[in-house]
Amino acid sequence: MNRSETGRIIALLIGILAVEAGLIGLAGGFRFNAQAPQMLHLAELVLRSAGGQVAHLDFSSPLGSWSFAPTGLLVRAGMSLGEALLWAQWGLAVLIAPAVAWIAWSRLAFWPSLALSLLCMTVPLALVPGGTDPVLSLAAQASRWAWALAFLIIPVVLFPPIQGRAGDWADAVVLGLPMAALVMVKPGGALALLPACVLGLLLSGRGRLLLRALLLAP
């Protein structure tokens with residue numbers, strides 16, 4: 001993309017985050033009305049984390065601790081459970097927005113960049129579990145967070161940067177940090193994605209990028 005198109009994508013990302021922050025502030029919390037068992041499980045994980053319990057030591061869960069620990073920190077800071085659930089989602093969207101902008105500028109045309117931006121912002125900020133029923137639930141939150149992270153990793157692996165816009169260290173950050181976060185959110189998703197990423201980078205002659213990503217991943 002050229003500078004003007006990149007500016008429009010950045011403006012879109014900022015606009016979505018600003019509108020969502022305003023809506024969260026006006027809502028004052030989250031009231032779910034579907035999938036009560038899964039939502040209760042998420043709420044319990046968050047409250048246990050807020051109380052100082054450590055995942056996989058004090059309690060067990062198939063989810064990675066980063067899928068609920070950030071929300072627990074917000075509850076511990078004084079937010080209600082509903083507020084913390086919404087602001088945690090918004091925080092993830094803020095963190096991935098710069099990576100979306102980099103991917104768009106370095107390797108995509110405008111319309112694919114627009115689609116990627118809308119996808120990466122919509123998935124973590126959604127208030128529905130999927131399906132066709134008009135209900136509110138964050139029961140699939142961990143899965144949505146995992147998909148949002150995967151949508152950053154996949155374009156870096158599949159599409160080499162446009163000539164003259166290569167940035168191995170920037171690509172390594174966008175590849176390595178989301179993969180590390182994915183391990184901490186949903187380990188099974190990272191395990192399924194990792195072999196394809198390694199193979200894709202090696203076959204495309206970007207072994208140096210793979211090494212740098214591994215170095216950056218904590």
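Remember, it's a predicted structure, so these values are computed and weren't measured experimentally. (Residues numbered from 1 in each chain as written. Predicted model: local features only at pLDDT ≥ 70, side-chain atom pairs only at ≥ 80, totals over all residues. Heavy atoms only, no water.)

## Things to note about the overall build of the protein
Argument step 1. Per the secondary structure count, the protein includes nine helices and zero strands.
Argument step 2. Walking the protein from its N terminus toward its C terminus, one meets helices and strands in the order α-α-α-α-α-α-α-α-α.
Argument step 3. The C-alpha atoms of the protein give 18 Å as radius of gyration, which agrees with the globular expectation for 218 residues (17 Å, within 12%).
Argument step 4. In the protein, buried positions account for 44% of the 218 residues.
Argument step 5. Here the analysis covers contacts within the protein between residues at least 6 apart in sequence; of these, 75% occur between residues at least 24 apart.
Argument step 6. Working note: accessible area of the protein is about 10900 Å², and carbon and sulfur atoms make up 70% of it.
Argument step 7. When the 12 positive and 8 negative side-chain charges of the protein are each reduced to one mean point, those points stand 9 Å apart. (Helix = DSSP H or I, 4+ residues; strand = E, 2+ residues; numbered from the N terminus. Rg over C-alpha atoms; globule rule 2.2 N^0.38 Å. Buried < 20%, exposed > 50% of the residue type's maximum accessible area, 1.4 Å probe, protein only. Contact = heavy atoms within 4.5 Å. Areas by Shrake-Rupley, 256 points an atom, 1.4 Å probe, with all protein chains shown as cover. Lys, Arg positive; Asp, Glu negative; His and termini not counted. Charge placed at Lys NZ, Arg CZ, Asp CG, Glu CD.)

## Some points on the nonpolar core
Argument step 1. Grouped together as the largest cluster of nonpolar side chains are 46 residues, with contacts concentrated most on Ile96, Ile103, Ile153, Leu175 and Leu182.
Argument step 2. Elements with a minimum of two residues in this core: α1 (3–27), α4 (81–107), α5 (110–125), α6 (141–158), α7 (168–185), α8 (187–203) and α9 (207–216).
Argument step 3. Ignoring sequence-local partners within four residues, the contact set of Leu175 consists of Ile153, Val156, Val157, Leu201, Leu209 and Ala213.
Argument step 4. Core analysis: the next-biggest nonpolar cluster, separate from the first, contains 18 residues, Val46, Ala55, Val75 and Ala142 among them. (Core = buried A, V, L, I, M, F, W, Y, C linked by side-chain atoms within 4.5 Å.)

## Here's the deal with α4
Argument step 1. The first and last C-alpha atoms of α4 sit 39 Å apart over 27 residues, in line with the 39 Å expected at 1.5 Å per residue.
Argument step 2. Considering bend angle alone, the principal kink of α4 is centred on Ile96 and spans about 30 degrees; proline Pro98 follows within four residues of it. (Expected span 1.5 Å × (residues − 1). Bend = angle between axes of the 7 residues up to and from the residue.)

## Describing the packing of aromatic side chains
Argument step 1. Summed over the entire model, instances satisfying the criterion amount to five aromatic pairs.
Argument step 2. Where Trp87 meets Trp90, the ring centres are 5.4 Å apart and the plane angle is 85 degrees; that geometry is what we call edge-to-face. Taken as a pair, Trp87 and Trp90 lie in helix α4 at a separation of three residues, close to a single helical turn.
Argument step 3. Given a relative accessible area of 25%, Trp87 falls into the partly exposed group.
Argument step 4. Judged by its relative accessible area of 23%, Trp90 falls in the partly exposed class. (Phe/Tyr/Trp six-rings, centres within 6.5 Å; stacked < 30°, edge-to-face > 60°.)

## Details of the packing of α4 against α6
Any two packed helices are characterised by the angle at which their axes cross and by the distance between the axes.
Argument step 1. Between α4 and α6, whose axes approach to 10 Å, the crossing angle comes to 10 degrees. Judged by the angle between their axes, α4 and α6 are roughly parallel. Remark: the crossing between α4 and α6 carries left-handed chirality. Counting all contacts with α4, which are made through Leu85, Ala88, Gln89, Leu92, Ile96, Ala99, Val100, Ile103 and Arg107, the residues of α6 involved are Gln141, Arg144, Trp145, Ala148, Leu149, Leu152, Pro155 and Val156.
Argument step 2. Looking at the contact of α4 with α6 residue by residue, the classes come out as 13 nonpolar, two polar and two charged. (Axes fitted to C-alpha atoms, helices over the stretch in contact; angles between N-to-C directions. Parallel < 35°, antiparallel > 145°, perpendicular 65-115°, else oblique. Left-handed = near helix turned anticlockwise from the far one by under 90°. Nonpolar A, V, L, I, M, F, W, Y, C, P; charged D, E, K, R; others polar.)

## Points about a nonpolar patch on the surface
Argument step 1. On the surface, Val19, Leu23 and Leu26 cluster together to form a nonpolar patch covering roughly 340 Å² of accessible area.
Argument step 2. As for its placement among the helices and strands, Val19 is situated in helix α1.
Argument step 3. Residue class for Val19 comes out exposed when judged on its relative accessible area of 53%. (Patch = residues over 30% accessible without salt bridge, like charges linked within 9 Å, V, L, I, M, F, W, Y side chains within 5 Å. Salt bridge = Lys/Arg side-chain N within 4 Å of Asp/Glu carboxyl O.)

## Here we look at the side chain of Thr71
Argument step 1. Residue placement: Thr71 occurs in helix α3 (residues 69–76).
Argument step 2. Taking the relative accessible area as the measure of exposure, Thr71 reaches 0% and is therefore buried.
Argument step 3. Dropping the residues within four chain positions of it, Thr71 is found in contact with Val46, Ala84, Leu85, Ala88 and Trp145.

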